[in-house]
Amino acid sequence: MAEAADFQGTSASPARRWLRRAGALLTGAPLLAGLLQLPAAAPAQAASSDPVSVSLDSLSPSAPTDGDTLTVSGTVTNTGKQPVTHAHVGLRVGPSLTSRSAIDSVARNSDDVQSAADTDAGDKYEEKFDRLAPGVAEHFSISVPVDKLDLGEDGVYELGVALSGQTPAQGWDQVLGIRRTFLPWQPSDAGTKTKTTFLWPLLSTVHMTAKTGAGDLQTPEFLDDELADELAPGGRLGQMVELGKDLDVTWVIDPDLLASVDAMAGGTYRIQGADGTSTPGSREHQAAAKQWLAALQKAVAGKEVVALPFADPDLASLAHNGTSVTGSLSHLKDATDVAATTVKTVLHVTPSTDFAWPVNGAVDRSIMKVATSAGADRVIARSDSLQETAGLPYTPSAARPVGGGTTVVVADTRLSTAFQGDLTKAGSATLAVQRFLAQSLALNAQTDTQRSIVVAPQRLPTASQAQAMAAAAKALEGGTWSQAQDLTATSKDKPDPGATTRVPSASAYPSSLRRQELPRTAFEQIARTQDKLDNFQVILTDQSRVVTPFGRAIDREMSTSWRGHARAAESYRGGVEAWLDELADQVKLIDKSETKLSGRSATIPVTVQNNLVQPVGHLVLRLESTMPTRLEIGGKAYSEQRVEVSGGHSQSVKFTTSANANGRVTVIARLYTEDGRPYGQAVTFDVKVTEVTPTVMLVIGGGVLLLVLAGFRMYTQRKRAAARQPEDDGPGTAAGNPDEPGNPGAPGDRLPQESDSAPGAEDPEQPSDPAPDTAPESTDPSGTGERVDR
């Protein structure tokens, strides 16, 4: 047969193509009569057994034009128990598929040998095998000029790869295995091209904990090192950046991913261990994180970037289970506010934060209300959620105004779900790409009116899924029926007046998705953790060291990535709350044992300990007597003092007390924030009052006075006796004078002198001396820092 006269890459007019094909059919009729045949009608048993499996591993080009040569390769495997002889693999072109549902039907029955008859391309374009042994796989590759496929008008065609042969049980030629796919045929530019927005999601699971190091660097701690594997050149995120940099797509990014990679790349980081310890991350992984960020910065330059709220919060869970918990919606607002700052800081581009993206694009009225509460006025939904009710014969444009200044951007379900499932095998990936292109072309052919369509694939595509997505997007960009457009432009396009704008009720939300939502108890725990954080941060001099890591960790507790991982989500929430409790407990009161208080007044010290690295303040220490009629503190039932403690230090605060009666009194010490909220655990201890009464003091004072007077009288009497003694002895009796040096005098006759006092003896207490306030130090056991000042 003569080859096509047109040069490869040029487009022929429809009339010229018809004349050329007609001429080829007339001149080659005798030859084609022998080549064209219908699949032989095989017995039901042979058809149902499908003894040969056909895998179509590659098809190039995915969307051929005039002059192209189509190359199909793959493998055939004898899955039966008998050998296959006279086997040959050939291409079969099926009828044109005129609707999107017809494409779905073929995809569901792609290996059915009993489906509609196809046209064989002829034995010139087939590969033969003398014998296929059981369990043996054979590779094939067939190339055929598309002009020989006898494609008719523009549209989507079935393309089958069939293996025919004989078995010992059936000794005639029959189709033993087939694999059907789709061949989009639009050789020249379509009169109207669909404006296609392809979202390129760059998201991950939660990786960072709330823990940071105590030093100035605040070394971050990760749950695991799985993020490093994703960032590697062959990893999921590495592939997303490498493939996406050459595509005209809209990047949809979770700022938490950027923050996590930036933390890994910026310095040392640590990996949480199962035993509570942590180990440093490797330098190789830090280098990989830096390289990935650098590649991403180049990839998004000049492209539209949409930033989701930080950590991609689960809007449906929040709408269905969280709005009744006080404060839950405020977390969404915080996550939205920090999103733009994070993306701009890390990627040096200004993102759009106007879009909300519920999981799987499933919306209801409550989800719409929550999604727009944080400022997003455009919500990405999916057509299987916002279903058409007007019976339109075509797929309408994506933008749908739903009132209140909110626009729902409806992604096409068939195109958005084309790359789900296991695409690690080449055959599965090839079929996914061809089906996507077929649906796109069929959609464009529905009407001559130009429309805007959105493709919103799964949030976390695998590396193999990303490769299939990139292949489809690349083929679409090089095709003749579609043109790329960013998401913001699509959301502003003129809406189709016949498209539905009715948002479904909550009862229409899929039960399969509802079972994966975060429960109400999760939001209650989040609220409890936030309340503890609010109480803790007010005492800190540098709140950012705690507010930032814990605020972002609380955002991560609401992440969509926890769907299907309920236990892991619960463990993460518990870990965040436990770590906050541990930090808050570093500022506490030292326990005290029983204190003995003697006298009418004394001071009682209470010690505040701060084991944090930063100073704390804005605290009030209250000491309260449970029996103020027996023991008053500061002249009343309780007394308060402001407290400021340096990092890593303790401080004793002294309270003045006064006793009114003897007995044991329980005293309560507790810290409060300046706004009156209790902080930490109270310390309770007993004070044993042994007051000295005024009567006892009077008796003691009287006894001391009598002793003093008696001593003075004795001294006076002895002085007088000493004065009279010289007169009794007469003059000249100096030897008998006791004042003379060297005269010992009579025993017991010396007057008391100051030198008679023992060295170091104390002076006698005078009545005017004040009585001591307290008794000597108690010898009872005391807690750390325990002391009563007297």
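Residues numbered from 1 in each chain as written. Predicted model: local features only at pLDDT ≥ 70, side-chain atom pairs only at ≥ 80, totals over all residues. Heavy atoms only, no water.

1. A look at the sheet that holds strand S23 (residues 595-598)
The strand order across the open sheet built from five strands is S23-S30-S29-S25-S27, with neighbouring strands paired in mixed fashion. Each end of this open sheet is capped by a strand with a single partner; those strands are S23 and strand S27 (638-645). Across the sheet, the axes of successive neighbouring strands diverge by a mean angle of 30°, strand direction being ignored. As judged from the seven bridges shared by strand S25 (residues 616-625) and S27, these two strands associate in the antiparallel manner. Within S27, the position partnered with Arg 622 by the bridge is Glu 640. (Pairing = 2+ DSSP bridges. Helix = DSSP H or I, 4+ residues; strand = E, 2+ residues; numbered from the N terminus. Axes fitted to C-alpha atoms, helices over the stretch in contact; angles between N-to-C directions.)

2. Things to note about the confidence of the model for the protein
Summarising the model, the protein shows a mean pLDDT of 84, and 82% of its residues fall at 70 or more. When the criterion is pLDDT under 50, residues 1-48 qualifies, and its contacts beyond four places in sequence or with other chains add up to 58 contacts. This stretch, residues 729-790, has a pLDDT under 50; its non-local contacts, to residues over four places away or in other chains, come to 66 contacts. (pLDDT = per-residue confidence, 0-100. Contact = heavy atoms within 4.5 Å.)

3. Some points on helix H11 (residues 365-373)
Within H11, the full set of buried residues consists of Ile 367, Met 368, Val 370 and Ala 371. For H11, the angular spread of the buried residues around the axis is 165°, confining them to a single face. In this structure, the buried side of H11 is in contact with helix H9 (315-322), helix H10 (328-347), strand S16 (355-356), strand S17 (378-382), strand S18 (399-403) and strand S19 (406-411). Of the residues trailing H11, Gly 375 is marked for its positive phi of about 110°. (Buried < 20%, exposed > 50% of the residue type's maximum accessible area, 1.4 Å probe, protein only. Arc of directions from axis to C-beta.)

4. Remarks on a nonpolar patch on the surface
Taken together, the side chains of Leu 705, Leu 706 and Leu 709 make up a nonpolar region of the molecular surface, amounting to roughly 300 Å² of accessible area. Position of Leu 705 among the secondary structure elements: in helix H20 (residues 694-729). (Patch = residues over 30% accessible without salt bridge, like charges linked within 9 Å, V, L, I, M, F, W, Y side chains within 5 Å. Areas by Shrake-Rupley, 256 points an atom, 1.4 Å probe, with all protein chains shown as cover. Salt bridge = Lys/Arg side-chain N within 4 Å of Asp/Glu carboxyl O.)

5. Thoughts on the environment of Val 261
As for its position among the elements, Val 261 is in helix H7 (residues 255-266). Apart from the residues lying within four places of it in its own chain, the contact partners of Val 261 are Leu 227, Leu 231, Ala 289, Trp 292 and Leu 293.

6. Topic: the environment of Ala 456
Along the chain, Ala 456 turns up in the loop between strand S20 (452-455) and helix H14 (463-477). Taking the C-alpha atoms as reference points, Ala 456 and Gly 361, 95 residues apart in sequence, are found 8.4 Å from one another.

7. Observations regarding the packing of helix H6 (residues 236-244) against helix H8 (residues 283-300)
Across the interface, H6 lies against H8 with an axial gap of 9 Å and an inter-helix angle of 30°. The angle between H6 and H8 places the two elements in the roughly parallel class. The handedness of the crossing between H6 and H8 is left-handed. Every residue of H8 that contacts H6 at Leu 237, Gly 238 and Val 241 is listed here: Trp 292, Ala 295, Leu 296 and Ala 299. Here the residues of the contact of H6 with H8 are counted per class, giving six nonpolar, one polar and no charged. (Parallel < 35°, antiparallel > 145°, perpendicular 65-115°, else oblique. Left-handed = near helix turned anticlockwise from the far one by under 90°. Nonpolar A, V, L, I, M, F, W, Y, C, P; charged D, E, K, R; others polar.)

8. Section: the packing of aromatic side chains
Applying the stated rule across the entire model yields five aromatic pairs. Where Phe 198 meets Phe 436, the ring centres are 6.0 Å apart and the plane angle is 50°; that geometry is what we call tilted. In this pair, Phe 198 is assigned in strand S9 (residues 194-202) and Phe 436 in helix H13 (residues 426-444), connecting sequence segments 238 residues apart. Phe 436 carries the same exposure label as Phe 198, and that label is buried. Plain terms: the ring middles of Phe 419 and Phe 436 are 5.2 Å apart, the flat faces sit at 40° to each other, and that makes the pair tilted. Placement of Phe 419 in the loop between helix H12 (413-416) and H13 and of Phe 436 in helix H13 is noted, with a sequence separation of 17 residues between them. According to the relative accessible area criterion, Phe 419 is buried, its value standing at 0%. Using a relative accessible area of 1% as the deciding quantity, one classes Phe 436 as buried. Linked through ring pairs, Phe 198, Trp 200, Phe 419 and Phe 436 together constitute an aromatic cluster. Directly above the ring of Tyr 638 sits Lys 636, whose terminal nitrogen or CZ lies 5.6 Å from the centroid. (Phe/Tyr/Trp six-rings, centres within 6.5 Å; stacked < 30°, edge-to-face > 60°. Lys NZ or Arg CZ within 6 Å of the ring centre and 35° of its normal.)

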